[in-house]
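Letter by letter, the chains look like this.
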2 protein chains.
Amino acid sequence: MTERQVTAELAAWIVNLGDADIPAEVRTEGVRTFVNWLGCAVGGADHETVDAALRAVMPFSGPRDSTVIGRQERLDPLHAALVNGISSHVLDYDDTHLKTIVHPAGPVASALLALAEHRAMSGTDFLTALIVGVEVECRLANCVYPDHYDRGWHITGTAGVFGAAAACGKVLGLDQQKMQWALGLAATQSAGLREMFGTMTKSFHPGSAAQNGLKAALLAEAGYDSSEKAIEALRGWANVTSTKQDYDEVLGELGSRWESALNSYKPFACGIVIHPTIDGCQQIREEIGPERVAEIERVDLKSHPLVLELTGKRTPRTGLEGKFSVFHSAASALLRGDGAPTAFTDEVVNLPEIVDLRDRIHAETDPDMYEASVRILVTFKDGTTLEKFVERAIGSLERPLSNEQLETKFVNQAKLVVGEEIARSLLGEAWKIESADPAAIARASVPGRQEAAE
Amino acid sequence: MTERQVTAELAAWIVNLGDADIPAEVRTEGVRTFVNWLGCAVGGADHETVDAALRAVMPFSGPRDSTVIGRQERLDPLHAALVNGISSHVLDYDDTHLKTIVHPAGPVASALLALAEHRAMSGTDFLTALIVGVEVECRLANCVYPDHYDRGWHITGTAGVFGAAAACGKVLGLDQQKMQWALGLAATQSAGLREMFGTMTKSFHPGSAAQNGLKAALLAEAGYDSSEKAIEALRGWANVTSTKQDYDEVLGELGSRWESALNSYKPFACGIVIHPTIDGCQQIREEIGPERVAEIERVDLKSHPLVLELTGKRTPRTGLEGKFSVFHSAASALLRGDGAPTAFTDEVVNLPEIVDLRDRIHAETDPDMYEASVRILVTFKDGTTLEKFVERAIGSLERPLSNEQLETKFVNQAKLVVGEEIARSLLGEAWKIESADPAAIARASVPGRQEAAE
């Protein structure tokens, strides 16, 4: 138990923050966060997971103010927040706050952009709210990580709902008390289990966090009250969902330490702990060439135990399961040089040559290794070996994606859904979010730019 | 960890159960559960909490197929499930599964009746699904109670979402695999913190459980997949949210032990652990008469520690807070002989004579006492004393409300919202639910029977 007024102090900071209080480099990272999120939302928009979600919720949509990113359907803002949150995460290709494995943008940007088509907001207000939401989400995640995550909570869902509530509450202009209520309504909706990894329900988590965070802000705005100390109370969020509570992570250095500026962007479309392995396997393929890859007898991976706990699926049958199989990912990277979304389709996961190599890949764990490192030992049929150690994968904070790499990632995934012309034009507009109309950017993601189908 | 296929076995039971597999006395208790729920939903319908929820969600409603019980507004089924769940719980006057303190009907009946106006179902199917949903909810609650509740989860929300998903999935005719997905989607939305007690957000929990359980069933129907072992998996619901998991409580004696038949109905509109105190204070008032009540110097209560943990609010300022103050409740019962919703208004909680007596009521705890008992010692100004021990309150399983008492409770609360004529006619129809059209009963709750506003 703490005597600190965590919820109240955090709410006061959210409410009182001005655009100019956010340093330029933090705003720049916020734009990168938005660009990466939008590319992923378009790239995931035609996934069967999104089709299924739309089949379920379309009949219940309210006034269709908001764009389903990358598609012709429209939905009310609450349902659009849900579906766009799903789209942006379904390829496991989005962003990562590496300290907590939170994928920050999904819950926040999905809620905010859906709301922007219902209540006009400037690009500046949008960006400020996005940064505030990501900041709140990552700080709350820091507060309870790793115990909370180890217990089995999918932290993108459980912390994400706070981020969405904070961002939406900020643009709705909630006063401090109502912001506390919004955080309380977020706390009491915080949910999402790690057991869902490898199923459609994993990407439901950021979607649901976006929808429920927006709902929390709207309820608070309407005078629906809640606890005003939901984060720190004895039966509040941090105590109920975690054995660790570090409130300095929430309130310390507010306005000077920016967790949102520590965001990173995935180069590969799968669980982040696999990335060093794919990076290393790609490097090996480049070094030895495709013909020599065919001569591989076996591969031995050594990594931190968390890697196998999260991504140890030995015989994935679907693309979604493949994203949580370090074995499939390594085989695919060696045989195709590829960690893009196209490496994680149902078809590729079941290709005989992939399956054959996959089954000759072995993994062991070493708790003394860093979670973001891997040691790869390749044994060839002639008995020779090759070893590769990857200390930090591309896409990590030490080796961040450049703006150019972000653009390539954006276009390569978005063009498969909306065509290259729309993808490039949307990308250009996304970079200018701070001076643009966010609602117009949402609408610019629609393929064919036709009138929305019902 | 268990080797048992808990989710799969439970889903199979839900899917395969026929109307005739439910014994007559269980069906009869199901009707009483429905009647009590409907009376509470009407009785709470004009509460400011419901007004605030409607202000927030009305602009986002889809096609308005479903009745907001006791009001003229209409909403899409998902939002109607939310609001009716709030209405039915906001007076803290609904039903209780005493082994777990779950309030069973709110999440289940709110979802099911809202769905019944969207997809026609017979009264028989409705009642079967209601009983199945309550059974699933109470069995899952038994599985993790008391550790789960002690940790701080509001179990009506966390277990309720499973009940709503099971009930809605049953009437939607899901096959076993889709029912497992629905339970998985429910598990990953399971939420609600005890910190919210005494605020509007407490009644948000059964509402949100109803909405999210219905959504889980609709998503599963549309082919949105999920874990098929969400209840028992290592990172599944029971392990993540509780230190206790007793799967015999879920799967044992399915079809012969009926938790749904153990439902009880509150005679007083406040936290269930206060009921023995109100019962005892009412008896004292009847025995000594109102004039002698004015001679009371002080009152000493002795009860199990849980009573004060849950309802120890010393100086409640609002009606909602008063429902969690054993002090206000005792004062009100002594001075007014009353535990009805009208004893828990903002006005009554602040009446000078109530506050004056309330502040002369003292409480101590005894961990050896049963949670549902209380010892009351009244000391009069002349120094004489009177003691009253209540072993079990009225409304408990040992002293259940008769059908006649349920009718009185129904009419007395509903008439304040929709008038006595509609209240009595609705009551008559509710008793006949098994042979009625559920949708017609929902519509019969609307005051004035005018065209819906909006």
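Everything below is about the structure printed above this text.
Residues numbered from 1 in each chain as written. Chains lettered and ligands numbered in written order. Predicted model: local features only at pLDDT ≥ 70, side-chain atom pairs only at ≥ 80, totals over all residues. Heavy atoms only, no water.

Some details on the packing of helix α4 (residues 77–90) of chain A against helix α5 (residues 105–116) of chain A
Residues and elements named next belong to chain A.
Here is step 1 of the chain: Between α4 and α5, whose axes approach to 8 Å, the crossing angle comes to 140 degrees. When the axes of α4 and α5 are compared, the pair comes out oblique. With respect to the hand of their crossing, α4 and α5 are arranged in right-handed fashion. Touching P77, A80, A81, N84, G85 and S88 of α4 are G106, S110, A111, A114 and L115, all from α5.
Here is step 2 of the chain: Residue classes in the contact of α4 with α5 are distributed as six nonpolar, five polar and no charged. (Axes fitted to C-alpha atoms, helices over the stretch in contact; angles between N-to-C directions. Helix = DSSP H or I, 4+ residues; strand = E, 2+ residues; numbered from the N terminus. Parallel < 35°, antiparallel > 145°, perpendicular 65-115°, else oblique. Left-handed = near helix turned anticlockwise from the far one by under 90°. Contact = heavy atoms within 4.5 Å. Nonpolar A, V, L, I, M, F, W, Y, C, P; charged D, E, K, R; others polar.)

Points about the interface of chain A and chain B
How big an interface is tends to be stated in terms of accessible area lost as the parts join.
Here is step 1 of the chain: Taken residue by residue, the interface counts 58 residues in chain A and 58 residues in chain B.
Here is step 2 of the chain: Taken together, the two surfaces of chain A and chain B that pack against each other cover about 4,800 Å², and 63% of this comes from carbon and sulfur.
Here is step 3 of the chain: Area buried by chain A at its contact with chain B is led by A:F60, A:Y224 and A:R235, which between them contribute 18% of it.
Here is step 4 of the chain: In this structure, the salt-bridge partner of A:E309 is B:R235, at a minimum N-O distance of 2.5 Å.
Here is step 5 of the chain: At the surface where chain A touches chain B, the tally comes to 26 residue pairs in polar contact (both at pLDDT 80 or more).
Here is step 6 of the chain: Every element with two or more residues in the side of chain A that touches chain B is listed here: α3 (48–57), α4, α7 (147–151), α9 (176–187), α10 (201–221) and α11 (237–241) of chain A.
Here is step 7 of the chain: The leading source of residues in the side of chain A that touches chain B is α10(A), at nine residues. (Buried area = accessible area lost by both parts, 1.4 Å probe. Salt bridge = Lys/Arg side-chain N within 4 Å of Asp/Glu carboxyl O. Polar contact = N/O pair within 3.5 Å; in protein donor to acceptor, adjacent residues only side chain to side chain.)

Re the pattern of salt bridges
Residue and element names in this part refer to chain B.
Here is step 1 of the chain: The full count for this structure, using the stated rule, is 54 salt bridges over all chains.
Here is step 2 of the chain: E309 is the salt-bridge partner of R194, the closest N and O atoms lying 2.8 Å from each other. On the criterion of sequence distance, the pair formed by R194 in the loop between α9 (176–187) and α10 (201–221) and E309 in helix α15 (residues 305–311) is long-range, its members being 115 residues apart.
Here is step 3 of the chain: With a relative accessible area of 6%, R194 lands in the buried category.
Here is step 4 of the chain: Judged by relative accessible area, E309 falls into the partly exposed class, the value being 43%.
Here is step 5 of the chain: Among the ionic pairs, R399 bridges to D279, the shortest N-O distance being 2.8 Å. With R399 in the loop between β8 (385–390) and α20 (403–418) and D279 in helix α13 (residues 275–288), this pair connects stretches of sequence that are 120 residues apart.
Here is step 6 of the chain: With relative accessibility at 35%, the residue R399 sits in the partly exposed group.
Here is step 7 of the chain: Looking at D279, the relative accessible area reads 5%, which means it is buried. (Buried < 20%, exposed > 50% of the residue type's maximum accessible area, 1.4 Å probe, protein only.)

Details of helix α2 (residues 24–43) of chain A
Here is step 1 of the chain: Helix length check: α2(A) (20 residues) gives 29 Å between terminal C-alpha atoms against 28 Å at 1.5 Å per residue, within 8%.
Here is step 2 of the chain: In terms of burial, α2(A) is a largely internal element, 17 of the 20 residues being buried. (Expected span 1.5 Å × (residues − 1).)

Focus: the relation of the copies chain A and chain B
Here is step 1 of the chain: Rotating chain A by 180 degrees and translating it 0.0 Å along the rotation axis places it on chain B, where the RMSD comes to 0.1 Å. On this basis, the relationship between the two copies can be described by a two-fold rotation axis. For chain A, the residue whose C-alpha comes nearest the rotation axis is A:G62, separated from it by 1.8 Å.
Here is step 2 of the chain: A shared binding surface is used by both copies, with 100% of the interface residues of chain A retained as interface residues in chain B. (Least-squares fit on C-alpha atoms with pLDDT ≥ 70 in both.)

Side note on the side chain of B:D92
All names here are of chain B.
Here is step 1 of the chain: Along the polypeptide, D92 turns up in the loop between α4 (77–90) and β3 (95–97).
Here is step 2 of the chain: Here D92 falls in the buried class, since its relative accessible area comes to 2%.
Here is step 3 of the chain: With near-sequence residues (within four places) excluded, D92 lies in contact with K202, K266, F268, A269, C270, G271, K323 and F324.

Brief notes about unusual backbone geometry
In terms of backbone geometry, most residues other than glycine have negative phi values and most peptide bonds are trans.
Residue and element names in this part refer to chain A.
Here is step 1 of the chain: Here the amide bond leading from Y145 into P146 is cis, since omega sits at 5 degrees, within 30 degrees of zero.
Here is step 2 of the chain: Structurally, the position occupied by P146 is in the loop between α6 (123–144) and α7.
Here is step 3 of the chain: Positive phi is not limited to glycine here, since D92 has a value of about 50 degrees.
Here is step 4 of the chain: One non-glycine residue, E253, lies in positive phi territory at about 55 degrees.
Here is step 5 of the chain: Secondary-structure assignment places E253 in the loop between α12 (248–251) and β4 (263–265).

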